[in-house]
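Letter by letter, the chains look like this.
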Amino acid sequence: MLTSNLGYPRIGENREWKKALESFWANDTTEEQLLATMKELRLNHLRVQQEQEVDLIPVGDFTLYDHVLDMAVMFGIIPKRFLQQGDTPTLSTYFAMARGSKDAQACEMTKWYNTNYHYIVPELHDAAPRLTKNAPLEAYLEAKNELGIDGKPVIIGPYSFVKLAKGYDDNKLQEMIQSLLPLYIQVIQELVDAGARSIQVDEPSLVTSIPAREMALVTRIYEQINEAIADAPLFLQTYFDAVTFYEEVVSLPVKGIGLDFVHGGAKNLEALRTFGFPEDKVLAAGIIDGRNIWISNLRERHELVHQLEQHVAKDRLVLQPSCSLLHVPVTTKREEKLDPTLLGVLAFANEKLTELHTLKQLAAGNEAEVKEALEANDDALAALEKSGWRSGAATSHNLENKKRPQSFNERRPLQEEKWQLPLLPTTTIGSFPQTKDVRRTRSLWRKGELSTVEYERTMKSYIEKWINIQEELGLDVLVHGEFERNDMVEFFGEKLDGFAFTANGWVQSYGSRCVKPPIIYGNVSFTEPMTVAETVYAQSLTDKPVKGMLTGPVTILNWSFVRDDLPLTVIAHQIAEALTHEVTALEEAGIEMIQIDEPAIREGLPLKAEDQQEYLDWAVSAFRASCAHVKATTQIHTHMCYSEFHEMIEAIDDLDADVISIETSRSHGEMISAFEKTTYEKGIGLGVYDIHSPRVPSEEEMLNVIRRALTVLPASLFWVNPDCGLKTRAEKETVAALKNMVAAARAAREELKTKA
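Counting restarts for each chain, with residues numbered from 1 along the sequence as it is written. Per-residue local features are limited, in this predicted model, to residues with pLDDT of at least 70; the limit for side-chain atom pairs, both in listing and counting, is 80 or more; totals at the level of whole chains, interfaces and linings are taken over all residues. Each side-chain value is derived from all of the structure's non-hydrogen atoms; neither hydrogens nor water enter the calculation.

### Observations regarding the overall build of the protein chain
Then comes step 1: Helix and strand labels come from DSSP, where a helix needs a run of H or I of at least four residues and a strand needs a run of E of at least two; each type is numbered from the N terminus. Scanning the protein chain from terminus to terminus reveals 26 helices and 21 strands.
Then comes step 2: By the compact-globule yardstick of 27 Å for 756 residues, the protein chain fits well, its C-alpha radius of gyration being 26 Å.
Then comes step 3: With the C-alpha coordinates aligned to their principal axes, the bounding extent of the protein chain is approximately 75 × 65 × 50 Å.
Then comes step 4: In this scheme, a residue with accessible area under 20% of its type's maximum is buried, one over 50% is exposed, and one in between is partly exposed, where area comes from a 1.4 Å probe on protein chains only. Put simply, the protein chain has 756 residues, and 61% of those count as buried. For this measure, only C-alpha atoms enter the radius of gyration; the expected value for a globule follows 2.2 Å times N^0.38, where N is the number of residues.

Here's what the structure looks like:
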């Protein structure tokens, strides 16, 4: 029995990856220095897995930005706007696709299935696929020559790659895949010729609710590959849920099939029991949770392995995480400040690989060799049970199905009379640039090197500066800027009971952007007001409305590492109940325009259609519960970004927010098309420029977005705002972009007046 890994965190134990990228983008290091640093990191990650005695070590999972972008560039799928200086992709081309350039808008970015990782969406509409280089082969040879590792090259399978892409009609799916298939065959053949004995082909789209005709297409795809390369050592890998067509998937002409026995594990196990498993294939079983940070109950996992052995011989069974370890931090070894009981039940990437090794030894009958590890596992789980952190889990009030007593149509005239906003009101999503000075101020205060009095004085100076800037720019609804907040989820978690925080538990969200998710280990409850002081101070500086800024219950849930002993709906409603107290505190302090952000509500949507309505029901319920008690004149905003929201327009409407802002510019306005088919009759802002790119869009560019939106949405309900918060942007580009945004809104108002 072997062990395998599906992917390792890229960012480095101390975020060396992030720092190297940002140094290069700031022109502080050269391209040669960047590539040298990345090679060192890449090889070090392989050494770690080698030392952990992983039998099948993935290679090619490392990236300079995003693994989907890597595949697109490798296949020459580069939009023409990025090839103005020739057809050969350079590092500048690569980063321009991800981040935009002065003259070209970045490619769309959206969520990787139901995770908080964002990938760069390939654009196929004007693609002429060609192999620019065989990157998996380069990774394979590097590992072999530098470290003597006979690695397992990782590629995204042709079906999932095209399903993740855009720019083609649904009836062209087969045509798009066929255009790429010769390139896949060439890549695989060259890997086989180089000696690769196993090749991981990721097909996570096979766990979604795909139609039978597409499963038949997948079968033909792999038959074609097998005809071209007989007995290619392909491991077709799925994860995040159970496969939809089990019998067809396990019958594909590949060497091995990877199934997730954690997420969707019950369905996969039932299918295995019902239909068996081919005797000529290897089963790569995902038995360690690759998406959460709790230790495995090793005795229960060992029992699962024993159940798998009833259907698959040991020599055809591979033990592995449920998915790539990209989604968890690197190691717990620097978490000295955590409560020892809590630390004892945490397992990050390295610790999960250790668990795999232990389970392999148990399966081999070597229990004596791992006796100490088993006892430590037992003791850690027993200590958590005795802690009392998880007792009395129910919310104290039944918050389900709460909603505001007045309909939007009843609230709207009352709010219009109260706020007296112009047509197409302008605002931002919440945060302003977190400069080095801002971060340094927070850091010094946290370390005790800056007094609370001086810290609060400095924070007030940042708030005052940006209130003045917003006034000068002519924005209609202002924000305080969130300078006191390290992260939109971590900030609230630090002020609520039931959360814990790591020192170095970073994971990649998109590009070089890393987040440090809180850990929900116990019952969540409110302790004291969290945002009132800063918001009230900002409001005291202006006559214009200042929004109170909160993170919603479902986003706090989805962007945390969540306890695994309760249904998610219970935890979401615990958070919602805590937020009701904060909303009340803001309203009582005179803040009656409150934004409760839910950017992560879409990413939690289950991958199978039959499971989605239940999730949407409780997610909507939790959001509504957090603000159902406010006055009719209190205007509730929410915000969502970087997901396929057209799939849940009805649920968005059911949130019953007075105003919602949704990303649209990064998808090049495609979200607008959803409203051509669906009527939306509440306040809405479709972000008019992409804040994740350093480029400053022109007034005309943003005006065109507004014009297009107004073809499907009423001007009386339309707001003008950026796609997302501005914390990651520089001050100069932020002011320049907002200046153009305000000018575009004013120009649109004039056009509407002329038409009237």
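From this point, the discussion proceeds with the structure in view.
### Digging into the side chain of D61
Then comes step 1: With respect to the element layout, D61 can be found in the loop between strand 2 (58–59) and helix 3 (67–74).
Then comes step 2: By the counting scheme adopted, Arg and Lys are positive, Glu and Asp are negative, and His together with the chain ends is not counted. Each reported salt bridge corresponds to a side-chain nitrogen of Lys or Arg within 4 Å of a carboxyl oxygen of Asp or Glu. One buried charged side chain, D61, makes no salt bridge at all; its nearest oppositely charged neighbour is R10, positioned 6.3 Å away.
Then comes step 3: Any pair of nitrogen or oxygen atoms within 3.5 Å is treated as a polar contact; in protein, a donor-acceptor pairing is required on top of that, and neighbouring residues in sequence qualify only through side-chain atoms on both sides. At 2.9 Å, the side chain of D61 forms a polar contact with the backbone nitrogen of Y8.
Then comes step 4: Residue contacts follow a heavy-atom distance rule, with two residues in contact if any of their heavy atoms lie within 4.5 Å. Not counting chain neighbours up to four residues away, the residues in contact with D61 comprise G7, Y8 and R10.

### Here's the deal with the packing of helix 7 (residues 173–194) against helix 8 (residues 212–228)
Then comes step 1: Where helix 7 contacts helix 8, the axes come no closer than 10 Å and their chain directions differ by 30 degrees. What the angle tells us is that helix 7 and helix 8 run roughly parallel. In the packing of helix 7 onto helix 8, the handedness of the crossing is right-handed. Packed against helix 7, whose contacting residues are L173, Q174, I177, Q178, L181, I185, I188 and Q189, the element helix 8 presents E214, L217, R220, I221, Q224, I225 and A228 at the interface. Angles shown run from 0 to 180 degrees and are taken between the N-to-C directions of axes, each axis being a line fitted to C-alpha atoms and, for helices, limited to the stretch in contact. Roughly parallel covers angles under 35 degrees, roughly antiparallel covers those over 145, roughly perpendicular covers 65 to 115, and oblique covers all other angles. Here a crossing is called left-handed whenever its near helix is offset anticlockwise from the far helix by less than a right angle, and right-handed whenever the offset is clockwise.

### What to know about the packing of aromatic side chains
Then comes step 1: Any two of the Phe, Tyr and Trp rings considered here, Trp counted by its six-membered ring, make a pair once their centres fall within 6.5 Å; the pair's planes then place it as stacked at under 30 degrees, edge-to-face at over 60, or tilted in between. Counting across every chain of the model gives 17 aromatic pairs.
Then comes step 2: For the ring pair W25 and F95, a centre distance of 5.5 Å and an interplane angle of 90 degrees mean the geometry is edge-to-face. Residue W25 is found in helix 1 (residues 16–25), and its partner F95 is found in helix 4 (residues 91–99); the two are separated by 70 residues along the sequence.
Then comes step 3: Here a set of aromatic residues connected by ring pairs shows up, and it is made of F24, W25, Y65, Y94 and F95.
Then comes step 4: One Lys or Arg, K460, reaches over the ring of Y537 and ends 5.0 Å from the middle of that ring. Lysine and arginine charges are scored as sitting over a ring when NZ or CZ, respectively, is within 6 Å of the ring centre and within 35 degrees of the ring normal.

### Re the environment of S560
Then comes step 1: When you line up the elements, S560 lands in the loop between helix 20 (553–558) and strand 16 (561–562).
Then comes step 2: A relative accessible area of 8% means that S560 is categorised as buried.
Then comes step 3: Taking the C-alpha atoms as reference points, S560 and E367, 193 residues apart in sequence, are found 35 Å from one another.
Then comes step 4: Leave out the neighbours within four places in its chain, and S560 touches V489, F499, P517, P518 and I520.
Then comes step 5: Within the local environment of S560, its side chain forms a polar contact with the backbone oxygen of I556, the two atoms lying 2.6 Å apart.

### Re the packing of helix 2 (residues 31–51) against helix 5 (residues 135–147)
Then comes step 1: As a packed pair, helix 2 and helix 5 sit with axes 11 Å apart at the nearest point and diverge in direction by 70 degrees. With respect to each other, helix 2 and helix 5 are oriented roughly perpendicular. Where helix 2 abuts helix 5, its residues K39, R42, L43, L46, R47 and Q50 lie against E142, A143, E146 and L147.

### With respect to the sheet that holds strand 20 (residues 683–686)
Then comes step 1: DSSP bridges decide pairing: two strands pair if at least two such bridges lie between them. Spatially, six strands are ordered 15-17-18-19-20-21 in an open sheet, and the strand pairing comes out parallel. Because the sheet does not close on itself, it has two edges, and the strands there are strand 15 (548–551) and strand 21 (718–719).
Then comes step 2: The sheet contact formed by strand 20 and strand 21 spans two bridges and is parallel. Pairing of I684 across the sheet is with F718, part of strand 21.

### Examining the side chain of K682
Then comes step 1: With respect to the helices, strands and loops of the structure, K682 is situated in the loop between helix 24 (670–677) and strand 20.
Then comes step 2: In this structure K682 touches F408, D653, D656, A657, D658 and L717, once residues within four positions along its chain are discounted.

Fair warning: the whole summary comes from geometry, so function is off the table for now.
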